Amino acid sequence: MDNERIALKKSLREMGLSQKISYFFSYYTIHFVLVLIALAILAGSVIRFAVKKETVLYVALTNTAIGSSLETDMTENFLAYADLPTRRNDVQLYKELYISSDPAAENHEYAYASGLKIMAAINAGKIDLVMMNRESYDFFSEKGYLLDLSSFTAENGPGKELAPYLSENEVILSDNSLEVALGEAQETEIRTETVRNAINVSSFPIFLRAGFDGDLYMGIIANSPRTETACLYLRYLLS
């Protein structure tokens, strides 16, 4: 083995520069490539970690459209208000969601797909707030998706300044319509309760500047894991 090593060293000394380079690539190419791949993976991981942002809030926009100026107000400007660096945090907006309770609506398939997306995101805890027109507000309320804001807007609550804008809607507690349709029940019985579960934000300056027509509501999703941030967001919208 020593004789082979001595012979290899002697042959390398006798090689010219181009021969040494050719030898290197002939015998060490695979090692060189593996090292480059490892370095690329390491660099990619470092870059992803450096630029990765934490989503502090998920906001769904249903039956509403916004421009770039309002989008900045609803994302970057909120982060500034909350003293959260934009390079490390973000607010994710779910845009172009359409909700309709009319099965004959022109965009029924689109509404159906939006409903599935919304339910999946809610089940995953990836929707905290929803911005709604009246039709989508009725939908979210009937389904029981919205948090009761009574304590939040109470006199000693963190959002007491929002109390004048509190809205109420009907939540369906039970509905045997399916059983009636299947012949398993004789009479339709629907039990509901009235819940204060949204804020009418139509008169807030941030939305008046955007030129919205009709009533506009914001509600907190009942199973949101970020309710404190969502409450802060509602106060920000008013301010």
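Just so it is clear, the structure is predicted and the values come from calculations on it, not from any experiment. Within every chain, residues take consecutive numbers counted from 1 along the sequence as written. pLDDT decides what is reported in this predicted model: residues at 70 or higher carry local features, side-chain atom pairs at 80 or more are listed and counted, and totals for whole chains, interfaces and linings draw on all residues regardless. To get the side-chain values, take all heavy atoms of the structure and skip hydrogens and water.

Caption draft 1: Summary view of the side chain of Ser167. Put simply, DSSP marks the helices as runs of H or I at least four residues long and the strands as runs of E at least two long, and each gets a number from the N terminus on. With respect to the element layout, Ser167 can be found in strand β4 (residues 166-175). The contacts of Ser167, once residues within four sequence positions are left out, are Tyr137, Val195, Arg196, Asn197, Ala198, Asn200 and Tyr217. A contact between two residues is defined here by any heavy atoms of the two lying within 4.5 Å.

Caption draft 2: Layout of helix α9 (residues 227-238). What a helix should span is 1.5 Å times the count of its residues minus one. With 12 residues, α9 extends 17 Å between its outermost C-alpha atoms, agreeing within 8% with the 16 Å of an ideal straight helix rising 1.5 Å per residue. All of the buried residues in α9 are Ala230, Cys231, Tyr233, Leu234, Tyr236 and Leu237. Burial status follows relative accessibility: with a 1.4 Å probe on protein chains alone, a residue under 20% of its type maximum counts as buried, one over 50% as exposed, and anything between as partly exposed.

Caption draft 3: Structural view of the side chain of Asn197. Checked against the element boundaries, Asn197 lands in strand β5 (residues 190-200). Asn197 gets classed as buried once you look at its relative accessible area, which sits at 0%. Here the side chain of Asn197 touches Tyr137 through a polar contact of 2.7 Å, side chain to side chain. Setting aside residues up to four positions removed in sequence, Asn197 forms contacts with Tyr137, Ser141, Leu146, Leu147, Leu149, Ser167, Glu168, Asn169, Val171 and Gly219. Throughout this description, a polar contact denotes any pair of N or O atoms lying within 3.5 Å of each other; where both atoms belong to protein, one of them has to be capable of donating a hydrogen while the other can accept it, and for residues adjacent in sequence the pair is counted only when both atoms sit in side chains.

Caption draft 4: Seen up close, the packing of aromatic side chains. Aromatic rings from Phe, Tyr and Trp, with only the six-membered ring used for Trp, were paired whenever their centres fell within 6.5 Å, and each pair was classed as stacked if the ring planes differed by under 30 degrees, edge-to-face if by over 60, and tilted otherwise. One pass over the structure, following the stated rule, counts 12 aromatic pairs. For the ring pair Tyr98 and Tyr110, a centre distance of 6.3 Å and an interplane angle of 10° mean the geometry is stacked. On the criterion of sequence distance, the pair formed by Tyr98 in the loop between β2 (89-97) and α5 (108-123) and Tyr110 in helix α5 is long-range, its members being 12 residues apart. For the pair Tyr165 and Phe204, a centre-to-centre distance of 5.0 Å together with 85° between the ring planes defines the contact as edge-to-face. Taken together, the positions of Tyr165 in the loop between α6 (134-142) and β4 and Phe204 in the loop between β5 and α8 (205-208) put the pair 39 residues apart, joining distant regions of the chain. Three or more aromatic residues joined by ring pairs make a cluster, and in this case those are Phe78, Tyr81, Tyr233 and Tyr236.

Caption draft 5: Structural context of the pattern of salt bridges. Here, a salt bridge means any side-chain nitrogen of Lys or Arg that lies within 4 Å of a carboxyl oxygen of Asp or Glu. This model, assessed by the stated rule, comprises 6 salt bridges. Between Arg235 and Glu161 there is a salt bridge; the shortest N-O distance is 4.0 Å. With Arg235 in helix α9 and Glu161 in the loop between α6 and β4, this pair connects stretches of sequence that are 74 residues apart. With a relative accessible area of 21%, Arg235 lands in the partly exposed category.

Caption draft 6: Main features of the nonpolar core. Residues belong to a common nonpolar core when they are buried Ala, Val, Leu, Ile, Met, Phe, Trp, Tyr or Cys residues joined through side-chain atoms within 4.5 Å. Formed by 31 residues in total, the largest nonpolar core has its most connected members in Val59 and Phe207. Only β1 (54-62), α3 (68-74), α4 (76-81), β2, β3 (129-132), α8, β6 (217-220) and α9 provide two or more residues apiece to this core. Of the residues forming this core, the biggest block, 6 residues, is contributed by α9. Setting aside residues up to four positions removed in sequence, Phe207 forms contacts with Leu70, Met74, Met131, Val201, Phe212, Leu216 and Leu237.

Caption draft 7: Up close: the environment of Gly159. Topologically, Gly159 is positioned in the loop between α6 and β4. Judged by its relative accessible area of 0%, Gly159 is buried. The sequence separation of Gly159 and Leu232 amounts to 73 residues, and the corresponding C-alpha distance is 8.1 Å.

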